[in-house]
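One letter stands for each residue in the lines below.
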Amino acid sequence: MSKEPVYVTRPSLPPLADMQPYLEKIWQTGILTNGGPMHQELELALAHYLNVPYISLFSNATIALITAFKALHLSGEVITTPYSFVATSHALMWNQITPVFVDIDPLTLNLNPDLIEAAITDKTTAILPVHCYGVPCNVEAIQAIADKHGLKVIYDAAHAFSVCQGKRSLLSAGDLSVLSFHATKVFNTFEGGAIVSPDEASKRHIDHLKNFGFVDEVSVVEIGINGKMNEFQAAVGLLQLQRVDAAIQSRAEIDRYYREQLANVKGISFLHTPTDWSSNFSYFPIQIGSEFPVSRDALYHHFKQHDIHPRRYFYPLIPEFEMYRHLASANIAKLPIAKQVSERVLCLPIYPDMPREVQQKIVSLILKLAQGAEA
Ligand code: T4K
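Residues numbered from 1 in each chain as written. Predicted model: local features only at pLDDT ≥ 70, side-chain atom pairs only at ≥ 80, totals over all residues. Heavy atoms only, no water.

Colleague: Explain the site of the ligand to me, and be specific about the residues and the numbers.
Modeller: Around the ligand sit 24 residues, and of these T62, D156, H159, R311 and Y313 come closest. H159 has a polar side-chain atom sitting 2.7 Å from an oxygen atom of the ligand. One of the side-chain nitrogen or oxygen atoms of R311 is found 2.7 Å away from an oxygen atom of the ligand. Burial of the ligand by the protein amounts to 75% of the accessible area it has alone, namely 910 Å². The cavity where the ligand resides is the largest pocket. Within the residue set of the shell around the ligand, elements represented by two or more residues are helix 3 (61-71) and helix 4 (87-93). Residues of the shell around the ligand, tallied by class, amount to 11 nonpolar, 10 polar and three charged. (Near = heavy atom within 4 Å. Polar contact = N/O pair within 3.5 Å; in protein donor to acceptor, adjacent residues only side chain to side chain. Areas by Shrake-Rupley, 256 points an atom, 1.4 Å probe, with all protein chains shown as cover. 1 Å grid on protein atoms, 1.4 Å probe; cavity = no way out; pocket = protein on both sides within 12 Å on 5 of 7 lines; lining within 4 Å. Sits in = over half its atoms within 2 Å of the grid points. Helix = DSSP H or I, 4+ residues; strand = E, 2+ residues; numbered from the N terminus. Nonpolar A, V, L, I, M, F, W, Y, C, P; charged D, E, K, R; others polar.)

Below, the structure is given as structure tokens:
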């Protein structure tokens, strides 16, 4: 086996030579950013590929989230999940909005709709669920609650690229959905992100907001930000789009291999995969229960000794970080499922060009520990 370290992911990249014509065009025209031709082409291509009405490209998903909340004029409190990457609630804080953490569903690991209503106050303006690991939230139940209480719904869909139910994209749920195209994601533009919006007026508004609030050369109508994706990122995106189906296919094969090989290991459980939605196989989280001979952290360090670097996404929970601990909803006793999952989860490496021998090594390290206990 190669001596290189194995990380939780490794970005999929187009052949370097394929970039050359795009770079030549950029150098030739001198258009580097501000909604250039490749930016426009990628917006249309992605809207078509994802089967969503409108897309606004961003420099990254965090700025896109911050902009999405501005676009919907959110304030006060927003109900969200404690079990996510910290950017989810940081983006609220950047808008002076208070996150209200509600526990997750043990099967989907997403915001539990049954617990949302109890957290609604007269300050609540929206719900911010995350399709964690690309597993769809219960979008119908969440929409019903939002409609009943007059709340907006913004999905953090950073993990949910291309997840669909036949022709219905998961990204069409709610008022807005935010995608991440970070290096570690299924579809990457080095850094990048997008907001999916349902109509032209929303897209236009978001496009103004991501460009300082300019509507023309001399008019600024809102306090916007600089969230624009540049032409280099868009060029990468155009090339990546040609390869993303193959990348997801190859992830699916690794996912299948792990599930087959680890199926009978006591104390290891897999992520629930819904049968009615497609999967993008963006992560391969396992949960290590008490029947496994070593703890999650011991397994994590065992891998590290072999230069394999899985990740404990998402540990610690967001409310456990210093800047959130003072919030009433950050009381971990009220978030028992999220707490338990964050102490058990380990995301195994998964990425398109992952050699089978690396997969075998990962599986065998787990099997040896499991068998050692039985011997
Ligand atoms: N919402 C959710 C639910 C998210 O998960 C995220 C981001 C966001 C919002 C915000 O999206 P962006 O603003 O980033 O678009 C990584 C990513 O940086 C972050 O984008 C991602 N979620 C999060 C789950 O994972 P770290 O701190 O774990 O990244 P890092 O640098 O440790 O990378 C993990 C491994 O990936 C490395 O060990 C090696 C490999 N890697 C990484 C990079 C950056 C590479 O091989 N090449 C690379 O260029 O956060």
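Colleague: Residue-level account of empty space enclosed by the protein, with values.
Modeller: Evaluated as defined, the whole model comprises six cavities of 30 Å³ or more. As a volume, the largest cavity reaches approximately 110 Å³. If you go around the largest cavity, you meet 16 residues; those closest to its centre are Y133, V135, L271, T273 and S279. Within the residue set of the lining of the largest cavity, elements represented by two or more residues are helix 7 (231-262) and strand 14 (284-288). Its residues assigned to classes, the lining of the largest cavity shows nine nonpolar, five polar and two charged. For the second largest cavity, the calculated volume is near 60 Å³. Lining the second largest cavity we find S12, V186, F187, N188, Q240, R243, V244 and A247. (Points joined across faces, edges and corners; volume = space filled by probe spheres on them.)

Colleague: Could you give an account of the side chain of T9, with specific residues and numbers?
Modeller: Here T9 is to be found in the loop between strand 1 (6-7) and helix 1 (16-29). The residues touching T9, leaving out its near neighbours within four places in the chain, are T184, R251, I350 and Y351. (Contact = heavy atoms within 4.5 Å.)

Colleague: Tell me what's going on with the pattern of salt bridges, and back it up with residues and numbers.
Modeller: Should the charged atoms of two oppositely charged side chains come close, the side chains can pair. As enumerated under the stated definition, the model contains 12 salt bridges in all. In this structure, the salt-bridge partner of D255 is R259, at a minimum N-O distance of 2.8 Å. Of the two residues, D255 and R259 both sit in helix 7, four residues apart, roughly one turn of that helix. Exposure remark for D255: the relative accessible area of 6% places this residue in the buried category. Here D297 and R312 are joined by a salt bridge, their closest N and O atoms 3.2 Å apart. Here D297, found in helix 8 (residues 296-305), pairs with R312, found in the loop between strand 15 (308-309) and helix 9 (336-344); they are 15 residues apart in sequence, far enough to count as distant. A cluster of three or more residues bridged by salt bridges with shared partners is formed by E43, K203, D207 and K210. (Salt bridge = Lys/Arg side-chain N within 4 Å of Asp/Glu carboxyl O. Buried < 20%, exposed > 50% of the residue type's maximum accessible area, 1.4 Å probe, protein only.)

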